[in-house]
Amino acid sequence: MMAFKDQNGKITIDEVAAAQDVRNLNKSKESLLDAVSRLKEIQAVASEFSGKTGTVITETAVQLEKEISAAIASVDETVANIQGTVQKYQAIDSNLKDLINGEKG
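As the structure is a prediction and not an experimental result, all values here were calculated from the model. (Residues numbered from 1 in each chain as written. Predicted model: local features only at pLDDT ≥ 70, side-chain atom pairs only at ≥ 80, totals over all residues. Heavy atoms only, no water.)

A few points about the side chain of Glu65
Inference 1: Looking at the element boundaries, Glu65 is found in helix 2 (residues 52-104).
Inference 2: A polar side-chain atom of Glu65 sits 2.8 Å from a polar atom in the side chain of Gln43.
Inference 3: Not counting residues within four places of it along the chain, the set of residues in contact with Glu65 comprises Val36, Leu39, Lys40 and Gln43. (Helix = DSSP H or I, 4+ residues; strand = E, 2+ residues; numbered from the N terminus. Polar contact = N/O pair within 3.5 Å; in protein donor to acceptor, adjacent residues only side chain to side chain. Contact = heavy atoms within 4.5 Å.)

The structure is reproduced here in structure tokens:
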């Protein structure tokens, strides 16, 4: 693993930190998926209620499910961006190494 630095020595990409971020995001996604599952259970129970209570509970659960689904999509996008950025800098690093090795050879 390598930390990528810019011309001023500032770390721009830290692969270890990026990998930890991805792990944390994936754990968050698991919790969000669990919340969606529980909301579906609430909707099933609420559908058996009579009157407005069941309807309000169902509508609220559906709205929360939409919001959580949007958060899941955001997590997926963030993970893809992190992984794409790391891969980009790995490719740049690999190309620079090849150039240096080619010039020395």
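We are not done yet, so read on.
As for helix 1 (residues 15-46)
For the α-helix, the turn length of 3.6 residues means that residues three or four positions removed from each other point alike.
Inference 1: The end-to-end C-alpha distance of helix 1, which contains 32 residues, comes to 46 Å, matching closely the 46 Å that a straight helix rising 1.5 Å per residue would cover.
Inference 2: Along helix 1, the residues classified as buried are Glu15, Ala18, Val22, Val36, Leu39, Gln43 and Ala46. (Expected span 1.5 Å × (residues − 1). Buried < 20%, exposed > 50% of the residue type's maximum accessible area, 1.4 Å probe, protein only.)

Looking at the environment of Thr55
Inference 1: Tracing the chain through its elements places Thr55 in helix 2.
Inference 2: Linking Thr55 and Gln43, residues twelve residues apart in sequence, is a C-alpha distance of 9.2 Å.

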